[in-house]
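# Notes for the structure review
Single-letter residue listing:
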Amino acid sequence: MELAILFDNRSIAPSFLSGWGYSVLLRPQGLLFDTGSETASLLHNLKEFGFSPGEINTIFLSHFHWDHTGGLLGLLPELKNPRVILHRGFSKGFVREVVRLGGEVVLADQAAEILPGLWTTGILPGPVPEAALVFRPKGLVLTGCAHFGLLELLKTALFLLNGPPSLLMGGFHLLNKPLKEVRTLGLALKSAGVRRVAPSHCTGAKAEKILADIFGDDFWYVGAGSFLSL
Ligand SMILES: [Fe+2]
Ligand SMILES: [Fe+2]
């Protein structure tokens, strides 16, 4: 499978735009994981990769924060009635707008297979209703902001994958965490068998540095414009 990071706080090449938020396109499934904070950069980066909006048939929203949903309403008119998978953590007004713009809303509050091999974790316990995505055949775990905490996610991922993730990727939400705690967390992930990490978005530069020390070559520095083949 291929992962193209369409939206991130940083870009890895000057031709890709950056902005606060996160979005990743999964190919060949044609699934868009979150939508960043606005549509123009999202579409710009999609085209910069050489892809077209027409290949997006499913949109998965992790949680109802503007930096993950802000690109959606402007994107929907470009698409052909995509499935929009979300959960009860989204406002009624937002869901109404999605439907009005042609989205076919699917509510998934609990763990469920949404495309072959691709699972939503369902809403994980935490301060904000948020779900993550797991791709079983490749051991991929994708998180938007990880407000639930990475250990909570790891617990569910271990269960859904029947083993440790081979790649944990996304916003790790460690910006304000004491660095000692970040180190403990990184070591816990490593010893639980997490093979590779590709954090960005709300992870924080200092936290990333600590994770890079722990994971070595298995720490992947990524941003908008990153293209990963698994
Ligand atoms: Fe975020
Ligand atoms: Fe968030």
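Let me begin by describing the structure that accompanies this report. Treat the numbers as computed from the prediction; the structure is a model and nothing was measured. (Residues numbered from 1 in each chain as written. Chains lettered and ligands numbered in written order. Predicted model: local features only at pLDDT ≥ 70, side-chain atom pairs only at ≥ 80, totals over all residues. Heavy atoms only, no water.)

Coordination of the iron ion (ligand 1) by the protein involves Asp 67 (OD), His 68 (NE2), Cys 145 (SG) and His 201 (NE2), with metal-donor separations of 2.1 to 2.3 Å. Considering all four donor atoms around the iron ion (ligand 1), angles at the metal cover 89 to 154° and the coordination shape is irregular. We note that the donor set of the iron ion (ligand 1) lies within a single chain, spaced as D-H-x76-C-x55-H. Between the iron ion (ligand 1) and the iron ion (ligand 2) the interatomic distance comes to 3.4 Å, and Cys 145 is a ligand of both metals. Linking His 68 in helix H2 (residues 66–69) with Cys 145 in the loop between strand E10 (140–143) and helix H5 (150–161), this pair joins segments that are 77 residues apart in sequence. The burial state of His 68 is the same as that of Cys 145; both residues are buried. (Donors = N, O, S within 2.8 Å, 3.2 Å for Na, K, Ca; no water. Tetrahedral: all angles 85-135°; square planar, octahedral: opposite > 155°, others 65-115°. Helix = DSSP H or I, 4+ residues; strand = E, 2+ residues; numbered from the N terminus. Buried < 20%, exposed > 50% of the residue type's maximum accessible area, 1.4 Å probe, protein only.)

Where strand E7 (residues 110–115) and strand E8 (residues 118–122) come together, four bridges link them in antiparallel fashion. If you follow Leu 115 over to E8, its bridge partner there is Leu 118. Where E7 folds back onto E8 in an antiparallel hairpin, the turn is made up of two residues, including Gly 117, whose phi is positive at roughly 80°. (Pairing = 2+ DSSP bridges.)

As a further point, take the coordination of the iron ion (ligand 2). Protein coordination at the iron ion (ligand 2): the donors are His 63 (NE2), His 65 (ND1), Cys 145 (SG) and His 147 (NE2), at 2.2 to 2.5 Å from the metal. Taken together, the four donor atoms surrounding the iron ion (ligand 2) define angles of 86 to 175° at the centre, an arrangement classified as irregular. The sequence pattern describing where the donors of the iron ion (ligand 2) fall on their chain is H-x1-H-x79-C-x1-H.

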